[in-house]
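What the coordinates show
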Amino acid sequence: MTKSNLTLNIFSIIATVALTLTGCSGGGYRYSHYETIGHQGWERTDTLYFTPVPVAHYGTYTEEVGLRTTSLYPFMQLTLIVCQEAKPSGFCRTDTINARLTDDEGLVTGEGINHYQYLFPLPPVTLAAGDTLHVKVHHDMMRSPLVGVVNVGFSLKQ
């Protein structure tokens, strides 16, 4: 076996092991979905729906709202309203996220170059097996349409 074939085989083994380890999600339930905002901007009356989110097992779940913006977004923060209702258990909750997108000097704190990614945790939620979680998200900013917001997402993980 030549030195280049040996190097290639070692690289292949390392890559396979790395992909196997990173591909495992730990066996817990995970839902994640993003909605796209149109180029014309996000109207104050436009509500994003993440439904239905099926729940297979009773338990406590962590939740996050994801946000992707561009440099066209004109403000330092964004206020989001997240309404959740689980059926048939009857769980209902509304959360307000005051999403800070820049530091005190106005520098973007999100990750990325042209599109900036942010994740904002919500309080944990306990759901029953067989529940279906209905999630609605809208912004509570005075300007409408709101430009520079590209995607809004919701994730649920047990």
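**Quick word on the pattern of salt bridges**
Using the criterion set out here, one finds 4 salt bridges in the structure. A salt bridge links Asp 140 to Arg 44; the shortest N-O distance between them is 2.6 Å. Pair noted here: Asp 140 is in the loop between β7 (132-139) and β8 (149-157) and Arg 44 is in the loop between β1 (30-36) and β2 (48-54), with a separation of 96 residues, a long-range link. The class for Asp 140 is partly exposed, based on a relative accessible area of 35%. As a salt-bridge pair, Glu 63 and Arg 93 come within 2.8 Å of each other at their nearest N and O atoms. Highlighted residues: Glu 63 in strand β3 (residues 59-70) and Arg 93 in strand β5 (residues 92-100), separated in sequence by 30 residues. By relative accessible area, Glu 63 is classed as buried at 2%. Residues participating in the shared-partner salt-bridge network are Glu 63, Arg 93 and Asp 95.

**Re the sheet that holds β2**
Backbone hydrogen bonds hold the strands of a sheet together, and the pairing may be parallel or antiparallel. Here 4 strands make up an open sheet; going across it, the order is β2-β7-β4-β5 and the pairing antiparallel. Strands at the two margins of the open sheet, each flanked by one partner only, are β2 and β5. Along the sheet, successive strands turn relative to each other by an average axial angle of 20 degrees, direction set aside. Pairing geometry for β2 and β7, over 5 bridges, is antiparallel.

**Things to note about the pairing of β7**
Regular strands show a simple pattern: their side chains alternate between the two faces of the sheet. Of the two faces of β7, only the one carrying Leu 133, Val 135, Val 137 and His 139 is buried; Thr 132, His 134, Lys 136 and His 138 on the other face are not. The pairing of strand β4 (residues 77-87) with β7 spans 8 bridges and is classified as antiparallel. Residue pairing for β7: Ala 86 is matched across the bridge by Leu 133.

Here is what the cut-offs are and how they apply
- Residues numbered from 1 in each chain as written.
- Predicted model: local features only at pLDDT ≥ 70, side-chain atom pairs only at ≥ 80, totals over all residues.
- Heavy atoms only, no water.
- Salt bridge = Lys/Arg side-chain N within 4 Å of Asp/Glu carboxyl O.
- Helix = DSSP H or I, 4+ residues; strand = E, 2+ residues; numbered from the N terminus.
- Buried < 20%, exposed > 50% of the residue type's maximum accessible area, 1.4 Å probe, protein only.
- Pairing = 2+ DSSP bridges.
- Axes fitted to C-alpha atoms, helices over the stretch in contact; angles between N-to-C directions.

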